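Below are the chains, spelled out letter by letter.
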Amino acid sequence: MTFNKPFLLGAATAAHQVEGNNIHSDYWKQELLPHTSFAEPSGEACDHYNRYEEDIRSLAEAGLNAYRFSIEWARIEPEEGKFDDDEVEHYRKVIRYCKENDVEPVVTLLHFTSPTWLISKGGWEAETTVEYFRRYTSYLIERLGSELNYVC
């Protein structure tokens with residue numbers, strides 16, 4: 001079946017489920033608790049963090065033209081107010097590799113997981129989280145927004 005442009009048909013992932021080694025995430029911490037509800041820790045997952053080129057190539061070869069993926073906040077801001085520009089550059093490479101393979105990057109800025117520092121400050125029930133999330137999203141959009149058509 002052929003779809004007319006600009007129809008997007010793609011695949012989606014969540015950073016924590018595929019990237020691996022998300023050590024600053026609340027889910028990572030929860031997975032390692034003695035009586036966790038998680039069946040197993042995510043560990044390296046499928047190592048998409050390092051194998052994204054292979055994965056995106058496979059997606060394109062399958063005839064898909066979009067990839068919805070999340071940017072892991074805990075990688076971008078592992079400590080409150082301390083942003084990691086190397087991690088931003090990693091996601092920039094993912095975005096650019098999508099485009100090189102005619103795959104539209106569709107970025108989700110939050111997909112379930114949060115930095116552990118945020119959770120220790122009350123998490124999503126704390127009123128201060130609105131400002132923290134605004135700061136994080138502004139930081140990313142300032143750096144990556146010009147390369148994106150779709151942001152969730």
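Further up the page is the structure itself.
This text gives an overview of the structure that appears in the document. (Residues numbered from 1 in each chain as written. Predicted model: local features only at pLDDT ≥ 70, side-chain atom pairs only at ≥ 80, totals over all residues. Heavy atoms only, no water.)

**Examining the overall build of the protein chain**
Here's step 1: A tally of regular secondary structure across the protein chain gives seven helices and four strands.
Here's step 2: Going residue by residue from the N terminus, the α and β elements of the protein chain occur as β-α-α-α-β-α-α-β-α-α-β.
Here's step 3: A globule of 152 residues ought to have a C-alpha radius of gyration of about 15 Å, and the protein chain, at 16 Å, matches this closely.
Here's step 4: For the protein chain, with 152 residues in total, the buried portion stands at 42%.
Here's step 5: Pairs at least 24 apart in sequence give 76% of the contacts found in the protein chain among residues at least 6 apart. (Helix = DSSP H or I, 4+ residues; strand = E, 2+ residues; numbered from the N terminus. Rg over C-alpha atoms; globule rule 2.2 N^0.38 Å. Buried < 20%, exposed > 50% of the residue type's maximum accessible area, 1.4 Å probe, protein only. Contact = heavy atoms within 4.5 Å.)

**Concerning the pattern of salt bridges**
Where charged atoms of side chains with opposite charge meet at close range, the side chains can pair.
Here's step 1: For the coordinates displayed, the defined rule picks out eleven salt bridges.
Here's step 2: The residue R75 makes a salt bridge to E19 at a minimum N-O spacing of 2.7 Å. In this pair, R75 is assigned in helix α4 (residues 73-76) and E19 in the loop between α1 (15-18) and α2 (26-31), connecting sequence segments 56 residues apart.
Here's step 3: According to the relative accessible area criterion, R75 is buried, its value standing at 10%. (Salt bridge = Lys/Arg side-chain N within 4 Å of Asp/Glu carboxyl O.)

**Regarding the environment of R135**
Here's step 1: Tracing the backbone through its elements, the reader meets R135 in helix α7 (residues 129-144).
Here's step 2: Residues R135 and C46, spaced 89 residues apart in sequence, show a C-alpha to C-alpha distance of 30 Å.
Here's step 3: Those residues in contact with R135, other than ones at most four positions away along the chain, are E77, E80, G81, F83 and W117.

**Points about empty space enclosed by the protein**
Here's step 1: Inspection of every chain in the model, using the stated rule, returns two cavities of 30 Å³ or more.
Here's step 2: Each pocket or cavity is described by its volume, and for the largest cavity that value is around 70 Å³.
Here's step 3: Forming the walls of the largest cavity are T13, A15, E19, H48, Y49, Y52, Y67, F69, S70, H90, Y91 and V94.
Here's step 4: Of all the secondary structure elements, the ones that give two or more residues to the lining of the largest cavity are α3 (48-61), β2 (66-70) and α5 (85-100).
Here's step 5: The class makeup of the residues in the lining of the largest cavity is seven nonpolar, four polar and one charged.
Here's step 6: Here the second largest cavity is characterised by a volume of approximately 30 Å³.
Here's step 7: Tallied by class, residues from the lining of the second largest cavity come to five nonpolar, three polar and one charged. (1 Å grid on protein atoms, 1.4 Å probe; cavity = no way out; pocket = protein on both sides within 12 Å on 5 of 7 lines; lining within 4 Å. Points joined across faces, edges and corners; volume = space filled by probe spheres on them. Nonpolar A, V, L, I, M, F, W, Y, C, P; charged D, E, K, R; others polar.)

**Details of the sheet that holds β2**
Here's step 1: Here four strands make up an open sheet; going across it, the order is β1-β2-β3-β4 and the pairing parallel. The open sheet is flanked by β1 (10-12) and β4 (150-151), the only strands paired with a single partner.
Here's step 2: Taken together, the five bridges between β2 and strand β3 (residues 104-108) define a ladder with parallel strand orientation. For R68, the partnering residue across the bridge sits in β3 and is V106. (Pairing = 2+ DSSP bridges.)

**Comments concerning α3**
Here's step 1: Between the first and last C-alpha of α3 there are merely 17 Å, a value that for 14 residues lags more than 12% behind the 20 Å anticipated at 1.5 Å per step.
Here's step 2: Along its length, α3 reaches its greatest deviation from straightness, about 35°, at E54.
Here's step 3: Within α3 the residues assigned to the buried category are H48, Y49, Y52, I56 and L59.
Here's step 4: On its buried side, α3 packs onto β1, α1, β2, α4 and α5.
Here's step 5: Phi turns positive one or two residues past the end of α3, at G63, with a value near 90°. (Expected span 1.5 Å × (residues − 1). Bend = angle between axes of the 7 residues up to and from the residue.)

**Some points on the packing of α3 against α5**
Here's step 1: The contact between α3 and α5 brings their axes to 10 Å, and the two run at 10°. The orientation of α3 relative to α5 falls into the category roughly parallel. Every residue of α5 that contacts α3 at Y49, Y52, E53, I56 and R57 is listed here: E87, H90, K93, V94, Y97 and C98.
Here's step 2: Split into classes, the residues belonging to the contact of α3 with α5 amount to six nonpolar, one polar and four charged. (Axes fitted to C-alpha atoms, helices over the stretch in contact; angles between N-to-C directions. Parallel < 35°, antiparallel > 145°, perpendicular 65-115°, else oblique.)

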